[in-house]
Amino acid sequence: EVQLVESGGGLVQAGGSLRLSCAASGFIFDDYAIGWFRQAPGKEREFVGAVSQSGANTYYGDSMKGRVTISRDNAKNTIYLQMNNLKPEDTAVYYCVADQSAIATMGPRMATLDYWGQGTQVTVSS
């Protein structure tokens, strides 16, 4: 019943921008904070950032800080990850995740977060 479906990934040139979407269903959307993680080939999954239940607050990890903006539209049950000035090292599968925890704790609590999407591939060419 619970679904998180990422979309918007693809191939982009270095320095370009991309906007990912995460469509949610099967749970009370605004009871959950939504985070974004990424995983590059051969690497561990890494916290990108998160948005609070109301959308009023965001919290970002170090990997893409200053180059990403997370937002949500609770009327559409959709979360967005706007990525700018992309670099080849940003190439990864990007995942959205829903959890009732505070956004600042989502990174350390990666192993216990509630619901995960299937991921969408982002490839940045040099």
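Keep in mind the model is a prediction, meaning the values are calculated, not measured.

### Observations concerning the sheet that holds strand β1 (residues 3–7)
Link 1 in the chain: Strand order across the open sheet formed by four strands is β1-β3-β8-β7, with antiparallel pairing between neighbours. The open sheet is flanked by β1 and β7 (68–73), the only strands paired with a single partner. Along the sheet, successive strands turn relative to each other by an average axial angle of 15°, direction set aside.
Link 2 in the chain: Bridge analysis of β1 against strand β3 (residues 18–25) gives five bridges, and the strand direction is antiparallel. By the bridge assignment, L4 is partnered in β3 with A24.

### Considerations on the pattern of salt bridges
Link 1 in the chain: Tallied over the entire structure, the rule returns five salt bridges.
Link 2 in the chain: The partner of R38 in a salt bridge is E46, with the nearest N and O atoms 2.9 Å apart.
Link 3 in the chain: Given a relative accessible area of 8%, R38 falls into the buried group.
Link 4 in the chain: Measuring nitrogen to oxygen at the nearest pair gives 3.3 Å for the salt bridge that ties D62 to K65.
Link 5 in the chain: Its relative accessible area of 68% is what places D62 among the exposed residues.
Link 6 in the chain: Counted as one network, the salt bridges with shared partners bring together R38, E46, R67 and D90.

### A short note on the nonpolar core
Link 1 in the chain: One finds L20, I34, W36, I79, L81, M83 and Y94 to be the most contacted residues of the largest nonpolar core, which totals 27 residues.
Link 2 in the chain: The contact partners of L20, leaving out residues within four places of it in the chain, are S7, G8, G9, W36, I79, Y80, L81, M83, Y94, T120 and V122.
Link 3 in the chain: Within the second largest apolar cluster, eight residues are counted, among which are A33, F47, A50 and L113.

### Description of unusual backbone geometry
Link 1 in the chain: Residue N77 is not a glycine yet carries a positive backbone phi of 50°.
Link 2 in the chain: Of note in the backbone geometry, N85 takes a positive phi value of approximately 50° without being a glycine.
Link 3 in the chain: Inspection of the secondary structure assignment puts N85 in the loop between β8 (78–83) and β9 (92–99).
Link 4 in the chain: Judged by its relative accessible area of 43%, N85 is partly exposed.

### Quick word on the environment of Y80
Link 1 in the chain: Along the chain, the position of Y80 falls in strand β8.
Link 2 in the chain: Among the residues examined, Y80 registers a relative accessible area of 16% and is labelled buried.
Link 3 in the chain: It is 6.8 Å that separates the C-alpha atoms of Y80 and R19, two residues lying 61 residues apart in sequence.

### Focus on the packing of aromatic side chains
Link 1 in the chain: Counted by the stated rule, this structure contains eight aromatic pairs.
Link 2 in the chain: Consider the rings of F37 and F47, whose centres lie 5.3 Å apart with planes at 65°: the pair is edge-to-face. Here F37, found in strand β4 (residues 33–39), pairs with F47, found in strand β5 (residues 46–51); they are 10 residues apart in sequence, far enough to count as distant. Of the two residues examined, F37 and F47, each falls in the buried class.
Link 3 in the chain: Here the basic side chain of R45 rests over the ring of Y95, its NZ or CZ set 3.8 Å away from the ring centre.
Link 4 in the chain: Over the face of the ring belonging to W116 we find R45, whose NZ or CZ atom lies 4.9 Å from the ring centre.

Rules behind the numbers
Residues numbered from 1 in each chain as written. Predicted model: local features only at pLDDT ≥ 70, side-chain atom pairs only at ≥ 80, totals over all residues. Heavy atoms only, no water. Pairing = 2+ DSSP bridges. Helix = DSSP H or I, 4+ residues; strand = E, 2+ residues; numbered from the N terminus. Axes fitted to C-alpha atoms, helices over the stretch in contact; angles between N-to-C directions. Salt bridge = Lys/Arg side-chain N within 4 Å of Asp/Glu carboxyl O. Buried < 20%, exposed > 50% of the residue type's maximum accessible area, 1.4 Å probe, protein only. Core = buried A, V, L, I, M, F, W, Y, C linked by side-chain atoms within 4.5 Å. Contact = heavy atoms within 4.5 Å. Phe/Tyr/Trp six-rings, centres within 6.5 Å; stacked < 30°, edge-to-face > 60°. Lys NZ or Arg CZ within 6 Å of the ring centre and 35° of its normal.

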